[in-house]
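Listed below, chain by chain, are the residues.
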Amino acid sequence: MANVYYEAIDKMEKQKVDAEYINGWASGYLRNPKREEQRITEAYEAGYNDGMAGKADNFSAWVKK
């Protein structure tokens, strides 16, 4: 489990994925509770849902240009 987590975070950071998506993905993957409602962004929500589903390769829409 640990290797998938670190490899996914490393890959996302190297591809310059939105930090909100990465934070959401990490929280979802680790099964942490979501942020407070007023602090949830679209990128965070997408990352959280992908993390909960264990999807480590669904972030291309959140790469910063």
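Residues numbered from 1 in each chain as written. Predicted model: local features only at pLDDT ≥ 70, side-chain atom pairs only at ≥ 80, totals over all residues. Heavy atoms only, no water.

1. Some words on the packing of aromatic side chains
- In the structure shown here, the tally under the stated rule is six aromatic pairs.
- Centroid distance Tyr-5 to Tyr-6: 5.1 Å. Interplanar angle 80°. Geometry classified as edge-to-face.
- The class of Tyr-6 is exposed, set by a relative accessible area of 57%.
- Between Tyr-5 and Trp-25, the aromatic rings sit 6.1 Å apart at their centres with planes inclined by 25°, giving stacked as the arrangement. One end of the pair, Tyr-5, is in helix 1 (residues 2-14); the other, Trp-25, is in helix 2 (residues 19-29), and 20 residues separate them in sequence. Taken as a pair, Tyr-5 and Trp-25 share a single burial class, namely buried. (Phe/Tyr/Trp six-rings, centres within 6.5 Å; stacked < 30°, edge-to-face > 60°. Buried < 20%, exposed > 50% of the residue type's maximum accessible area, 1.4 Å probe, protein only. Helix = DSSP H or I, 4+ residues; strand = E, 2+ residues; numbered from the N terminus.)

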